[in-house]
Amino acid sequence: MSVKHLYDSIDGLVLKSLQGTVSLNPSLSLDAASKSLYLRTNSPHKRVAVISGGGAGHEPAHAGYVGAGMLTACVAGDVFASPSAKQILTAIKLAAFSGLDSTSTPRDVLVIINNYTGDRLNFGLAIEKARSKYPNVNINSVVVADDISLLSQAPSTLVGPRGLAGNILVCKLLGALAEMGAALDTVKAFGDSVVDNLRSVGVGLDPCHIPGRPLEGSARLAVGEYELGLGLHNEAGVAKRKLQGADEILEVMVVGLLDVVQDWQMDETVLFVNNLGGMSQLEMGAAVYDIVALLEARGLPRPKRIYCSSYMTSLNAPGFSVSLLNVAGIHKNAEMVAKTDCYALLDASTTALAWVGTSAWQHEKFNLPDTPNETPAASGASFIRQRRDTVSQPRRELPSITKNAIRGACVRVLEVRHELTQYDTLVGDGDCGDTFAAGANAVLKALEDGTLDVKGPSLALLVRHIADILEDVMGGTIGALFGIFLNALSSAAADEDTDLSQTLSPESISILFRGIQAAITSLELYTPARVGDRTIMDALYPFGSVLGVQGNVDSQPLFAEAVQAARRGAEGTRGMQARLGRAAYLNVRQEDMPPDPGAWGVCAVLEGLVRGLEETK
Ligand SMILES: Nc1ncnc2c1ncn2[C@@H]1O[C@H](COP(=O)(O)OP(=O)(O)O)[C@@H](O)[C@H]1O
Ligand SMILES: O=C[C@H](O)COP(=O)(O)O
């Protein structure tokens, strides 16, 4: 694994890289605030704009695929963390309206989402927001979930297969179909059918290293090991195996794929080999040759199209994936889909920078050199109104309490940042500490420069403002969860008459507590996670249930008690197997599972709030 980089931090890198892409393709424009790239002009026949995106670190995905005949727009988050719903909403707007005047009918939008929790939550929320904001734009989505390596875990997890590099094949096929003027329903049906007929498997010879990240914990493979069942974000593979050479690795991959596609009609397939960024193209070319040989050795016809490039990387990871697309299976589906010629779509020209595929397929009968004979082996949470009696407490000046509490939360988050990174490196993609820290730093800055107005006018607006600040800087699963939680808390508090500009009254505290419970309830609309699934819910549920205690209570001790319950919940995730989130992909021994980083981070926020409150006494 190379840990030397040209840039020594990822700060500003994503934007700069997008700017570089715009320099390479004059038909693109960049909306820097949302990190969205879009085609400035589109063919008037195009009725549907196909868009995609996700965390950065996968370049040339997706910026390299924006162009006529492929994506109309894309949006990037931070490295390995989903963009926020706000960013995605802008990308949808740009895709629907770019280049059109106010009298023109906007394009409909088809969103291609890779199956990762942060992406599902943030893209899902953005689509909901866009539907209400732009009622004349029809929006639908296709979720790519091509990874076969987690299928054996399916019954015990709720996450489903991950999206791997097959995503780019989906972008090419749907982008070309939309360019031909297809309607949204057709593109959606075709996309679902493509996903149903797409399978991938990845391997890694080593993880990648993210510029600026600590080195500890980043070298997880011994010299003689490789990982099978690798994702796109440096998360650990499903199994470590002894490195015995190309023959063994390719055999395992091909056999694994063929095992899950036994019902496919194999005379109509596409082979798609993706370099995760750190393999030499010399080796990848040889791998293509060997994979075709392995298929032929099993009596299978050569794939009708073969592709190999760095389509969707994991920074500089020395690894790759192999995907198979069952074209016959796609054509067998609904009548509307059957009329679509997959090969014509793959061969169609595009102005996207990074699509690599020859147009020679249209003209030449495909001929591979001989292969060897021998082959080796909300929401607007409905606010739950409860009666609570609170003992009367002295009224205290609010602004300094609020400011200290918020500052306390941010400072505590920054204290645990590296702990979160360490835990998330072991069980996830390592970005959890950075995501929490980005939120904490942004709120601290807003507190210091006075843009976050702690004097009021109301709890609802204060919370909404914090949610807004966080949404700009926190992507990933955590960003989406905080967004949902805080917006729901704000909506719940807005139902109440809370003038918090002067004093912190028992009544306003009880409104806050009830709002927190309502916000937890609204999270349930978007995630199936409950206690025991190893997520933030393991901290939030115990926290909320203490706050829900009825009867005479003194608010500050009750809050502190609730935070202790959250801490016990987060501690309880140590050694817990995950059913949701990226940790669900892992095969880590129970005793080696660190606490859940999300739950740990939530505890830090809560503990910081308490510390800030106590400092105000
Ligand atoms: N479906 C889910 N519901 C609630 N919390 C979840 C879910 N999936 C993951 N989490 C929480 O999110 C945390 C990871 O957040 P983050 O680092 O942003 O994830 P990612 O980088 O995979 O998007 C986990 O530690 C867990 O607490
Ligand atoms: O690159 C990251 C992907 O978009 C997945 O996002 P996530 O880690 O927030 O789930």
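The name given to the chain in an unreviewed UniProt entry is Dihydroxyacetone kinase, and the organism recorded there is Hypholoma sublateritium. Reading the Sequence similarities (unreviewed entry) entry of the UniProt record for the chain gives the comment "Belongs to the dihydroxyacetone kinase (DAK) family." Of the comments in the UniProt record for the chain, the one headed Function (unreviewed entry) reads "Catalyzes both the phosphorylation of dihydroxyacetone and of glyceraldehyde."

With that settled, the discussion passes to the pattern of salt bridges. Overall, the coordinates contain 22 salt bridges when judged by the stated rule. Where Asp78 meets Lys35, a salt bridge forms, and the shortest distance between an N and an O atom there is 3.4 Å. One end of the pair, Asp78, is in strand 4 (residues 73–79); the other, Lys35, is in the loop between strand 1 (28–31) and strand 2 (36–39), and 43 residues separate them in sequence. Exposure remark for Asp78: the relative accessible area of 35% places this residue in the partly exposed category. Relative accessible area serves as the criterion here: at 19%, Lys35 is assigned to the buried category. Arg298 is the salt-bridge partner of Glu251, the closest N and O atoms lying 3.0 Å from each other. One end of the pair, Glu251, is in helix 6 (residues 246–260); the other, Arg298, is in the loop between helix 7 (281–297) and strand 11 (305–309), and 47 residues separate them in sequence. With a relative accessible area of 13%, Glu251 lands in the buried category. For Arg298, a relative accessible area of 34% translates into the label partly exposed.

Soluble globular proteins tend to pack their nonpolar side chains together in the buried interior. Core analysis: the largest hydrophobic core is formed by 200 residues, its most contacted members being Val109, Phe320 and Phe543. When we break this core down by domain, the ones giving at least three residues each are domain 1 (13–360) and domain 2 (386–616). In this structure Val109 touches Val48, Ala49, Ile51, Ile92, Ala95, Ala96, Val137, Asn138, Ile139, Asn140 and Leu184, once residues within four positions along its chain are discounted.

A separate point is the side chain of Asp533. Of note, Asp533 is situated in the loop between helix 15 (506–526) and helix 16 (537–547). A polar contact of 2.9 Å, which involves the side chain of Asp533, links it to the backbone nitrogen of Arg530. Sequence-distant contacts of Asp533, that is, excluding residues within four places in its chain, are made with Pro528, Asp538, Met576, Gln577, Ala578, Arg579 and Leu580.

A separate point is the pairing of strand 5 (residues 108–114). For strand 5, the buried fraction is high: seven of the seven residues fall into the buried class. The sheet contact formed by strand 3 (residues 48–56) and strand 5 spans five bridges and is parallel. Note on strand 5: the bridge partner recorded for Val48 is Asp108. As for the winding sense of the linkage, the β-α-β connection from strand 5 through helix 3 (residues 117–133) to strand 6 (residues 139–144) is right-handed.

Domain assignment breaks the chain into domain 1 (13–360) and domain 2 (386–616). Between domain 1 and domain 2, the C-alpha centre-to-centre distance is 34 Å. Every contact between the two is made by 33 residues of domain 1 and, on the other side, 29 residues of domain 2. For the pairing of domain 1 and domain 2, the buried interface totals around 2600 Å² over both sides, and the portion due to carbon and sulfur atoms is 52%. Two residues, Lys86 and Asp468, come together in a salt bridge whose shortest N-O distance is 3.5 Å. At the boundary of domain 1 with domain 2, the tally comes to 10 residue pairs in polar contact (both at pLDDT 80 or more). For the side of domain 1 that touches domain 2, the elements supplying multiple residues, two or more each, are strand 4, helix 2 (85–97) and helix 3. For the side of domain 1 that touches domain 2, the leading source of residues is helix 3, giving seven residues.

What counts and what doesn't
Residues numbered from 1 in each chain as written. Chains lettered and ligands numbered in written order. Predicted model: local features only at pLDDT ≥ 70, side-chain atom pairs only at ≥ 80, totals over all residues. Heavy atoms only, no water. UniProt positions renumbered as here; feature names shortened; annotations may be inferred. Salt bridge = Lys/Arg side-chain N within 4 Å of Asp/Glu carboxyl O. Helix = DSSP H or I, 4+ residues; strand = E, 2+ residues; numbered from the N terminus. Buried < 20%, exposed > 50% of the residue type's maximum accessible area, 1.4 Å probe, protein only. Core = buried A, V, L, I, M, F, W, Y, C linked by side-chain atoms within 4.5 Å. Domains from an automatic or database assignment. Contact = heavy atoms within 4.5 Å. Polar contact = N/O pair within 3.5 Å; in protein donor to acceptor, adjacent residues only side chain to side chain. Pairing = 2+ DSSP bridges. Right-handed = clockwise from strand over helix to strand, strands pointing away. Buried area = accessible area lost by both parts, 1.4 Å probe.

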